[in-house]
Amino acid sequence: MQECLIPDLQFSLSEVPNKAIAKIKEIQWHGMRCRATIDPGGAKIKADLRTKPNDETSSVANPKMVSADGQVSLLVENEELEGTVVSLVMIDPSGSVIGKQATTIGDED
């Protein structure tokens, strides 16, 4: 029977929704507080500090929404983490990481 059948496959491209584009402009540390300036690209995004960028359970601060003017401030409450390398990540409304940048907690350079 299989010798008599010819598969007829049809493919089509579907539109992919526009992925949010955001860029980190500046990161500053004031003690254990991270202040960042982000260009959100018109999207409503959250910022978080994580030891593993794609793992939300590795967060060391409470994620916050980036304001309309691109400002966000995140506090690391555990002082034992000072000097730890983390990533400032930007998260779109679906929960996907759309950008990241490495930084060191408490680094005031």
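Everything below is about the structure shown above.
Residues numbered from 1 in each chain as written. Predicted model: local features only at pLDDT ≥ 70, side-chain atom pairs only at ≥ 80, totals over all residues. Heavy atoms only, no water.

## Considerations on the environment of Ala102
- On the secondary structure map, Ala102 appears in strand 7 (residues 97-104).
- Judged by its relative accessible area of 55%, Ala102 falls in the exposed class.
- Along the chain, Ala102 and Val85 lie 17 residues apart, while their C-alpha atoms are 6.8 Å from each other.
- Apart from residues lying up to four places away in sequence, Ala102 is in contact with Val86 and Ser87. (Helix = DSSP H or I, 4+ residues; strand = E, 2+ residues; numbered from the N terminus. Buried < 20%, exposed > 50% of the residue type's maximum accessible area, 1.4 Å probe, protein only. Contact = heavy atoms within 4.5 Å.)

## Points about the pattern of salt bridges
- Under the defined criterion, the tally for this structure stands at one salt bridge.
- Here Arg50 and Asp48 are joined by a salt bridge, their closest N and O atoms 3.0 Å apart. Asp48 matches Arg50 in its accessibility class, with the two residues each being buried. (Salt bridge = Lys/Arg side-chain N within 4 Å of Asp/Glu carboxyl O.)

## Considerations on the sheet that holds strand 5 (residues 71-75)
- One open sheet holds the three strands; their spatial order is 1-2-5, and the pairing between them is antiparallel. Edge positions in the open sheet fall to strand 1 (23-30) and strand 5, since each of these has one partner strand only. With strand direction ignored, the average angle separating the axes of adjacent strands in the sheet is 20°.
- In this sheet, strand 5 lies alongside strand 2 (residues 33-39) in antiparallel orientation, the contact comprising five bridges. Looking at strand 5, one finds that Ala36 is bridged to Val72. (Pairing = 2+ DSSP bridges. Axes fitted to C-alpha atoms, helices over the stretch in contact; angles between N-to-C directions.)

## What about the sheet that holds strand 4 (residues 64-65)?
- Taken in spatial order, the four strands line up as 4-3-6-7 in an open sheet, and their pairing is antiparallel. At either margin of the open sheet sits one strand with a lone partner, and together these are strand 4 and strand 7.
- Pairing analysis gives two bridges linking strand 3 (residues 46-50) to strand 4, with the strands arranged antiparallel. From the neighbouring strand, Ala47 faces strand 4, where its bridge partner is Lys64.

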